[in-house]
Amino acid sequence: MKEEAQSFTFQAEVNRLMHIIINSLYSNREIFLRELISNASDALDKIRFLSLTNATMLGAGDQAKLEILLKIDKERRILHITDRGIGMTKDDLIKNLGTIAQSGTKDFLNKFAEQSDKTSGLIGQFGVGFYSVFLAADAVSVTSKHSDDDQYIWTSRADGTYKVVKDPLGNTLGRGTRISIHLKEDASEFLEESTIRNIAKKYSEFINFPISLWTSKVVSSEVPAEETREEESTKPTSEEGVEVEEEDDEDDSDEEEAKTTTKTETVWDWELLNNVKPIWTRSPKDVTADDYSSFYKVISKDTEAPLKHIHFVAEGEANFKSILYIPSTPPQNQFDPTNANKGSIRLFVRRVFITDDFEGLIPNYLKFIRGVVDSDDMDLNVSREILQQTRLLKQIEKKIIRKAIAMFQEMATAEDKEEYIKFWSLYGTNIKLGVVEDSSNRSRLTKLIMFWSSKTGEYTTLDAYVSRMKEGQDQIYYLAGANKAVVESSPLAEKALKRGYEVLYMVDPIDEYAVQHVPKYDGKFKLTNLGKDGVTFDETEDEQEEKKKVVDEFQPLVDFFKQNFAENIEKVVISDRLATAPCALIANQYGYSANMERIMKAQALHNNRQTGYIPKKIMELNPRHPIVKELLKRVKTEDKSAIISANVLYETALLSSGYTIDDPSKFAAAIHQMMALNMNTEAELVDEQATTEPTPVEKATKSTQSDPSTHTEEDMSSLRDEL
C-alpha cells in the first residue's frame, strides 16, 4: 500500500497567504518598525560575526560603522530604514524576500551552529516579519549590496509579484540594505518624527547597535546687527535760522556697544534613539548602583530611585536574565483588576521588546514589582506579540517569584530593619495577599508578615513572637480590629495581657483572611483569635477546680441570659479571658469575628441578603466583676429590674467587643429608662402618638414605671448602686 501511494506537495495561493500574513497575523501595525529594525540588527550581527575571522569584510570609514539609520521623506511619503549589515546578493533577495517563511537568519544560524555562542544575539525566527511592512505600505523597495555581488533593487506591492533589478545608480550603499517604505494614505502618522522615535524606543531601545533618526530642530543664535543709522541731511536750526550745535552727552572717544539680534535656523542631524544599554546582559559585579538606578528610571518612568533591586541569571530548564525592582512609591491602582497586568514586567526576547501586558509571568500580589525579563528561547506566536502558555513560561514565573521573595528576605533578615520596615509599610498588604493566594510559597511569605505587638509596641514577625514566648506556650494570640487603639483597649485581650502573654494586633482588613490560611505556624504553633470561642490559658489543677465552683455558682445567671436573649445568643459561658470588663460577646470557631462582620458590612455592594447567615454570638461573663455579682443576686431574688440591667449589659458588650448595635434607638431608650430610675422621675414621651413596639426594658418596667410612687426606696437604692 505504501509503495502504491503517491506523494503530493501542499499548494498555497500566494495572494491569499500574503493577505493573511498582512491582515491577520499582527494586531498592531506599528509592529512593522520593530520587525524591520530587528532584521537590520541581524544583518549587522552577521557581518560582525564574519569579521571576527576576516577583518577586511567590515571595510573602513563610514562603512565600518555598524548602525541603523531611520529617515523620513515627507514630500514623497517614504520612510527609509538603512543598515550597514551584511547585505544581500540577487539570489538572497529572491530566496529570502521572494519566499514566504524563508528566514535568512535561521539559515545563517544553521550554517554556524557549532559557534552558537557567538550568534546567540540573532533575532529572526520565522521569515515572515518583513511582510509586516505592508501593514503600512502600498509598495516597498529594498536596495541591497553584498560584498560578493552588485547592488540590486527588490520591489513589490504585495500583489503576489515582485521585481528584482540591478541598481542603475551603481554601488551607492557600499555595503548593507536600505528599505524604502511608500506609506499608505491612512499611515501618515509614520511620517512624524515623534511617532517613529517613540516606536523605536518602545520596541528596540536595547538593540545592540545604535539606532539614529534624521531629525530637525530650530536653533537660535545671537548675531551682530547691521547699523542702519541714517545720515542727517541738515542740522537742526533755531527759529531765527541760526544753526544749533548739539552737545554730546558722552565722550566722542567712547565706542558704542555692538548691538545683537536673535537668528533662528533649522538644523538637521542624526539623533541617537537607543542610548540606554541593556545592563541586564552584563555581570552584576560590573554594574554600579547608579547604573541600576538610572536604568530603573528609564523602564519605569519613575523619578525616584528604587527601594531595592535584584539582578540574576536563571539557568536550567528556563534560561533568562532579569532585573527586578521594588519602587519607592507603590504604583497607583495596583489592586485594580482592570490594570492588573499592565506595565509590571517588560518581556524581551533577545533584547527586543515583546510585551508588558500579559498574564502568567508574575502573580497579582507582586504586581508592584518592576523589571525586565530577557529570554533567548521563549516560545512566541509568529507575530511575537503573544506568549504561548508552555511549561517554560511556568518555570520563568516560578523563578521570578522565588527571586522576589529572596529580595524581601534579604531585607527582613538584615541587622538594620529600617529598610524592611519601610518596605512593609508600603507593601505589607501585598505580602498578606500572597499568603492567601500563593499556596506553594505560603510558608516563605508567612515568615515575612508582621503585626503590631503588645509587648514591643512595634511591628514584629512571627519568628520574633515565638522567640519571646512563655515557657510551655504553644499558641500565638491575636486580636483584630479597626485600628490599634481600638484593639489595645478591647476587653477581649485583658486576661491574656494580665497573664503576661504577647498579643498581636491585626488592624489591616486583610489580616484575618491571611491568618485563616495559616492554622499553625511552623506546623507547631496555633494562631488563636481572642475574638472567638475556644481561647484557653495554662491552668493549674487548683484553678480548674475553682472554675468549676464558679460555674455552678453563676448557673442561674447563665440560664437567665439564655432564656431572655435566645434570639441573639448561642450560649453563655463564664469567662477566662476577661479581667476588668463585666462581659463580652465573641464569635464561635466558625463564625464571623466582630472585625470580619464590620468589614463585610462596610463593603460598597453589601446588602443584608448577600451577607447570608451570621451565627449567634457567645456571651462571656466575668464572675469577678461587681455588676455581674449584683445581677446574679437580682436574678436569684427575681427582681424585675434585672432584665433592664441585663439588656444594657448586652448592648454595651456588643459595643465594647467591636460589634454594632442593630437598633441604636432601643439602646438609647434603655439608657434613658435607667437614668429615669436613678433620678427617681418618669421619662416623658416626646411623641405620645408613637406606635413603635415597646423595648424589652419598657415591657419589663411598665408596671413599676407608670407611677413613680410605686417605686420602693429599696428598688431605687439597688439601681443607684448598680449604676
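Refer to the structure above for everything that follows.
Notes on the structure in this doc start here. Residue numbering note: each chain is counted from 1, following its sequence as written. Per-residue local features are limited, in this predicted model, to residues with pLDDT of at least 70; the limit for side-chain atom pairs, both in listing and counting, is 80 or more; totals at the level of whole chains, interfaces and linings are taken over all residues. Each side-chain value is derived from all of the structure's non-hydrogen atoms; neither hydrogens nor water enter the calculation.

A short note on the overall build of the protein
Helix and strand counts for the protein stand at 23 helices and 22 strands. Within the protein, buried positions represent 45% of all 723 residues. For this analysis, residues touch if any pair of their heavy atoms sits within 4.5 Å. Partitioning the contacts of the protein with sequence separation of at least 6, the portion at a separation of at least 24 is 73%. Where helices and strands are cited, they refer to DSSP runs of H or I of at least four residues and of E of at least two residues respectively, numbered from the N terminus. Burial classes follow relative accessibility: with a 1.4 Å probe on protein chains only, a residue under 20% of its type's maximum area counts as buried, one over 50% as exposed, and anything between as partly exposed.

A word on the packing of helix α16 (residues 555-564) against helix α20 (residues 642-656)
Between α16 and α20, whose axes approach to 11 Å, the crossing angle comes to 75°. Classified by the interaxial angle, the pair formed by α16 and α20 is roughly perpendicular. Every residue of α20 that contacts α16 at F560, F561 and N564 is listed here: A642, I643, A646 and L649. Among the residues forming the contact of α16 with α20, the class breakdown is six nonpolar, one polar and no charged. Helix axes use the C-alpha atoms of the stretch in contact, all axes being lines fitted to C-alpha atoms, and the angles between their N-to-C directions lie in the range 0 to 180 degrees. Any angle from 65 to 115 degrees is called roughly perpendicular, while one under 35 is roughly parallel, one over 145 is roughly antiparallel, and all others are oblique. When residues are grouped by polarity, Ala, Val, Leu, Ile, Met, Phe, Trp, Tyr, Cys and Pro land in nonpolar, Asp, Glu, Lys and Arg in charged, and all others, Gly among them, in polar.

A closer look at the packing of α16 against helix α19 (residues 626-636)
Between α16 and α19, the least distance of the axes is 9 Å, while the angle of their chain directions is 80°. With respect to α19, the axis of α16 lies roughly perpendicular. Across from P556, L557, F560 and F561 in α16, the residues of α19 making contact are V628, L631, L632, V635 and K636. Partitioned by chemical class, the residues of the contact of α16 with α19 number eight nonpolar, no polar and one charged.

Description of the pairing of strand β7 (residues 211-224)
DSSP bridges decide pairing: two strands pair if at least two such bridges lie between them. Relative to β7, strand β1 (residues 68-73) runs parallel, the two being bridged by three bridges. Note that in β7 the partner of L70 across the bridge is L213. As paired elements, β7 and strand β8 (residues 260-272) share 13 bridges and run antiparallel to each other. Each residue of the ladder has a partner; that of P224, found in β8, is T260.

Overview of the packing of aromatic side chains
Pairing of aromatic rings covers Phe, Tyr and Trp, the last through its six-membered ring, and needs centres within 6.5 Å; plane angles under 30 degrees mean stacked, over 60 mean edge-to-face, and all others mean tilted. Tallied over the full model, the rule gives 27 aromatic pairs. Centroid distance F368 to F408: 6.1 Å. Interplanar angle 25°. Geometry classified as stacked. With F368 in the loop between β12 (352-357) and β13 (370-375) and F408 in helix α8 (residues 391-412), this pair connects stretches of sequence that are 40 residues apart. For F408, a relative accessible area of 0% puts it in the buried group. Aromatic ring contacts, followed pair by pair, group Y203, F206, W280, F295, F348 and F353 into a single cluster. A ring has a charge above it when a Lys NZ or an Arg CZ is no more than 6 Å from the ring centre and no more than 35 degrees off the ring normal. Over the ring of F353 we find R346; its NZ or CZ atom is 4.8 Å from the centre of that ring. Over the ring of W452 we find K484, and its NZ or CZ is 4.2 Å from the ring centre.

What is shown is where atoms sit, not what they do.
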